Amino acid sequence: MKVLTGVSGMMRAALIRQRSALQQAILCALLVFVPSLLRLVIEPQPAVMPFLAFWPTVLIAALLLEQGFAMLAVFASFAVAQWLFAGSIMGIAWHGRPLVSLLVGAACVVLVMGMAIVARTTVRELDAVNRQQDTFNRELRHRCRNLLSIIQALSARGPRAENPLDFFREFSHRLDSLAKASDLLRIGTEAEGHLPELIERTIGPFGQGSRIRLSGTPCTVPEPSCIPLIMAVHELCTNAIKHGALSDPAGWVDLRWFLAPDGDRLYLLWKESGGPLVSPPAHQGTGSHLLRAQPGLEAVDLMFDPRGVWCEMLIVGARACTAAEAA
């Protein structure tokens, strides 16, 4: 985002600043009295344009104050200018040329205020867009660094293969899984993941249907935990199809999750049943590193029970979905 300096920067900062009610009240009072007092000191009895000091108040109030305070400043400034330079307010003639002049003046006030409010709103919206763009850029840089770290870990720790072709195939499979995990995420306000949608979309390509039984209350997973969780579930699915419960037509998987009473910790339990007898792997490959505690997964407990693999994961920073998010 381009940073404005000098007068332009000061004007932009003044337009986007959010002021408290007390600050607006003080500014309103200054706009009512200061211009009129300056005009009174310079020309106590102006022969022409008695409301000259009134128009700066209209413009500044519309630019810097919320609508209620701006209207108050305009009416009060008009009353003060009328009293100081044109006689008593009660003496205003409500007919003929004075009435026409008053109506034309009111129309000019509405026009000036309307254009000023549009200008202020536009500047604030542009500022919000620029800030959002900066947030998106920071998030994108952070996510790219995370992806590069994962790719580095995948290449440094495995996979173990007997020949380069097998290495290429397995490593390509890992990268494809990582790409699919990234596709499930968005930049910005939708960067968080929502359960069960995140898991449903992760296990969907495996085509196991009801053999993977999901249960748990709708909740939101923080952005740093999304890719580690997707990769872990993808790895569990892959292993279950190759060697575990899903390799047997009679086998199935229960994947359950729940929030702790504090509403911040999310527990997920993967449990395989009905498959072949399970034994621990002979060696630790790349997949084992995906099923370990890491940034985003505070704890991972993987057990090779002979009756079926089970894995418990802990995510900190989750929260229950709101009614709008769950809909």
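Not measured: the values here are computed from a predicted model.

Engineer: Would you take a moment to explain the nonpolar core for this structure?
Structural biologist: Burial of nonpolar side chains together is a common tendency in soluble globular proteins. In terms of nonpolar packing, the biggest core is built from 30 residues, with L195, L229, L266, L268, W270 and M313 touching the most fellow members. Taken together, the elements giving at least two residues each to this core come down to helix 7 (197-203), strand 3 (219-221), helix 8 (223-242), strand 4 (252-259), strand 5 (265-273) and strand 7 (308-316). Top contributing element to this core by residue count: helix 8, with eight residues. Not counting residues up to four positions away in its chain, the partners in contact with L229 are L195, L198, V221, L268, L297, M313 and I315.

Engineer: Got a minute to help me understand the pattern of salt bridges in this structure?
Structural biologist: It is possible for side chains of opposite charge to pair when their charged atoms get near one another. Here the structure, examined in full by the defined rule, presents six salt bridges. A salt bridge links R12 to D127; the shortest N-O distance between them is 2.4 Å. In this pair, R12 sits in helix 1 (residues 6-16) while D127 sits in helix 5 (residues 96-157), placing the two residues 115 residues apart along the sequence. R12 gets classed as partly exposed once you look at its relative accessible area, which sits at 22%.

Engineer: Which parts of the structure should I look at to understand unusual backbone geometry?
Structural biologist: Excluding glycine, residues mostly have negative phi values, and the peptide bonds linking residues are mostly trans. Residue L195 is joined to P196 through a cis peptide bond whose omega torsion reads 10°. Note on placement: P196 falls in the loop between strand 1 (193-195) and helix 7.

Engineer: How do you make sense of the side chain of D127 when you look at a structure like this?
Structural biologist: Relative accessible area serves as the criterion here: at 7%, D127 is assigned to the buried category. In terms of polar contacts, D127 uses its side chain to reach the side chain of R131, at 2.8 Å. If we skip the residues at most four places from it in the chain, D127 touches R12 and I16.

Engineer: What is the right way to read the packing of aromatic side chains from this model?
Structural biologist: Each pair of aromatic rings is reported with the distance of its centres and the angle of its planes. The tally for this structure, following the rule as stated, stands at one aromatic pair. With a centroid separation of 5.5 Å and an interplanar angle of 20°, the aromatic rings of F258 and Y267 are classed as stacked.

Engineer: Can you help me understand the environment of E200 in this one?
Structural biologist: Positionally, E200 belongs in helix 7. By relative accessible area, E200 is classed as partly exposed at 44%. C-alpha separation for the pair E200 and I212, spaced twelve residues apart in sequence, amounts to 9.6 Å.

Engineer: When you look at the sheet that holds strand 2 (residues 212-216) in this model, what are you seeing that I'm missing?
Structural biologist: Within a beta sheet, neighbouring strands are joined by backbone hydrogen bonds and run either parallel or antiparallel to one another. In space, the five strands of this open sheet follow the order 2-4-5-7-6, with mixed pairing throughout. On the outer flanks of this sheet lie strand 2 and strand 6 (299-305), each paired with one strand and no other. Within this sheet the neighbouring strands show an average axis-to-axis angle of 10°, counted without direction. Taken together, the seven bridges between strand 6 and strand 7 define a ladder with antiparallel strand orientation. When the sheet's bridge partners are listed, L302 is paired in strand 7 with C311.

The rules behind these values
- Residues numbered from 1 in each chain as written.
- Predicted model: local features only at pLDDT ≥ 70, side-chain atom pairs only at ≥ 80, totals over all residues.
- Heavy atoms only, no water.
- Core = buried A, V, L, I, M, F, W, Y, C linked by side-chain atoms within 4.5 Å.
- Buried < 20%, exposed > 50% of the residue type's maximum accessible area, 1.4 Å probe, protein only.
- Helix = DSSP H or I, 4+ residues; strand = E, 2+ residues; numbered from the N terminus.
- Contact = heavy atoms within 4.5 Å.
- Salt bridge = Lys/Arg side-chain N within 4 Å of Asp/Glu carboxyl O.
- Polar contact = N/O pair within 3.5 Å; in protein donor to acceptor, adjacent residues only side chain to side chain.
- Phe/Tyr/Trp six-rings, centres within 6.5 Å; stacked < 30°, edge-to-face > 60°.
- Pairing = 2+ DSSP bridges.
- Axes fitted to C-alpha atoms, helices over the stretch in contact; angles between N-to-C directions.

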